[in-house]
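Secondary and tertiary structure notes
If you want the building blocks of each chain, they are given just below.
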Number of protein chains: 2
Amino acid sequence: MTNPFVDKIRGYAPLSRDDEQLLDDACHQSRSLPPGHDLIREGAPSAVFVVLAGWACRYKMLPDGGRQIIAFMMPGDFCDLHAGVLAEMDHSIATLTKARIATIPRARMEALIDARPSLSKAFWWTQLVDEGVLRATIVSMGRRTTMERVAHLLCELCFRMRNIGLTGDGPYEMPFSQIVLADAVGLTPVHTNRVVKKLREAGALEMRPGSVIVSDLARLAKIAGFDDNYLHGRLNHRSG
Amino acid sequence: MTNPFVDKIRGYAPLSRDDEQLLDDACHQSRSLPPGHDLIREGAPSAVFVVLAGWACRYKMLPDGGRQIIAFMMPGDFCDLHAGVLAEMDHSIATLTKARIATIPRARMEALIDARPSLSKAFWWTQLVDEGVLRATIVSMGRRTTMERVAHLLCELCFRMRNIGLTGDGPYEMPFSQIVLADAVGLTPVHTNRVVKKLREAGALEMRPGSVIVSDLARLAKIAGFDDNYLHGRLNHRSG
DNA sequence: CGATCGGTTGAGTGACGTCAACTTTCGTGG
DNA sequence: CCACGAAAGTTGACGTCACTCAACCGATCG
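Just so we're clear, the structure is a prediction, and the values are computed from it rather than from any experiment.

What follows covers the protein's contact with DNA strand C. The immediate surroundings of DNA strand C are formed by 17 residues, with T146, H191 and R194 of chain A together with Q178 and N193 of chain B found nearest. Considering the 4 Å shell around the protein, atoms of DNA strand C inside it are sugar or phosphate in 73% of instances. Residue T146 of chain A places a side-chain N or O atom 3.3 Å away from a phosphate oxygen belonging to DNA strand C. The contact in question runs from a phosphate oxygen of DNA strand C to an N or O atom on the side chain of T188 of chain A, over 3.2 Å. Among the elements that make up the surface near DNA strand C, the one with the highest residue count is helix α7 (residues 189-201) of chain B (five residues).

A few words on the protein's contact with DNA strand D. Neighbouring DNA strand D are 16 residues; Q178 and N193 of chain A together with T146, T188 and H191 of chain B lie closest to it. Backbone sugar and phosphate groups make up 73% of those atoms of DNA strand D lying within 4 Å of the protein. When contributions to the surface near DNA strand D are tallied by element, the ones reaching two or more residues are α6 (178-185) and α7 (189-201) of chain A together with α7 of chain B. Broken down by element, the residue count for the surface near DNA strand D peaks at five residues, all from α7 of chain A.

What follows covers the environment of G203 of chain A. Residue and element names in this part refer to chain A. Along the chain, the position of G203 falls in the loop between α7 and β8 (205-208). The exposure class of G203 is partly exposed, given its relative accessible area of 29%. With 14 residues separating them along the chain, G203 and L217 place their C-alpha atoms 9.9 Å apart. In this view, G203 contacts S215, D216 and R219; residues no more than four positions away in its chain are not counted.

Parameters and conventions
Residues numbered from 1 in each chain as written. Chains lettered and ligands numbered in written order. Predicted model: local features only at pLDDT ≥ 70, side-chain atom pairs only at ≥ 80, totals over all residues. Heavy atoms only, no water. Near = heavy atom within 4 Å. Polar contact = N/O pair within 3.5 Å; in protein donor to acceptor, adjacent residues only side chain to side chain. Helix = DSSP H or I, 4+ residues; strand = E, 2+ residues; numbered from the N terminus. Buried < 20%, exposed > 50% of the residue type's maximum accessible area, 1.4 Å probe, protein only. Contact = heavy atoms within 4.5 Å.

Shown next as structure tokens:
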């Protein structure tokens, strides 16, 4: 019964048996959802969503119908310590694949934070890491070529997958379409396709309808100029 | 002797006299710095920087010499709860104008957080707001036209200036060059200049060498499609 | 008074978006 | 088992937007 949420938090702070139990219990109310399901303004009016299995993303729709994906979420990631704290939600969250999502009522989360300083700090740190990811995204969008940009995003996702043990060192399969990829890198699907084609010809990727497969991460990282330090993969206090 | 840092934190949590005193004391060690001065890896090996006066920014240099500005900082903003926490700094921080910067040793910050839950929460919340700003930046870079993008950034800065009482409703003068602006929106200085020209012709801006002046914020906001909700301007518990 | 830095403008190029057609895959129902 | 339709992917032609290169202007500062 391994809970990816607990695993993630354990990566940021030594947890007592009690702490782990509390975290795991908090996830007991979970649902299985289809791809493309919107989470926000759902269930309890202000709750924290935790991805237990599958993929999700934060995104924003624009008046002209365009969509920008702001961040990807994979098992262990949690959606929001905000919703409750800050009045309005300026973006949405949706599943990208079939996913299992836990909903933790805001009050329960508050209680956890107040009762357990170690958890509170761990949450805080995950937040800092997320912020680092957002900063890296901004750099990519502002100053990298489209090829570097796509490669950089895929690299990041590969490293994150590996960090949480979703995959080994083997090929990394990401279960989303080129359209999703396009929405994330800020390009049109057509042009994204052309970039992906070049990456494939460079031997870094393979494709299957509905998923991207990174077959040669080292090559991809070289193309992207990728440096994983900002992900702070695993901090040093992994307690045994 | 009003301290913008204290003012900002007070915006996020009711502070006792004691709290305010603690915060203010923490800023007592401050320096005046010239424009373009790099802060990171400076002073104490891991410290928190607080902007007391002037402007600063986070930025990242790329191998090809390009620079991406990731975030602007104005009085009251603080630079880093990270530096110490997460091992490596993946970007830099620099002054944009002559600025007064306080340096709070990491240990002292830790002590404050541990001793005062109310401060801890307030810090956390400022972090959430900062994250919202980063998300908005990503949306701009990915899906807005260059004109909207420049306008959106300037709008954001105007609102933030007003929120902290840096200016009234009057014209908003931002003391940086078009080059800085270009580094922030991810365009070349030349093209930024052309965009700025159009905004000027639209009657939203004026320019002076070394600064941008927003003379008609409403017009600019309309061009940008700007909605300030993500800034969470002032939360509701401003204690008297 | 010259040097430097920011700003301004023009001409030419390349990258990315748009539009449109066509293919492949997959799921569904006859 | 096959037929169909929907959704993803692929490719080409073409237009526009943003970059590059280059020249020049205007302030400010030593």
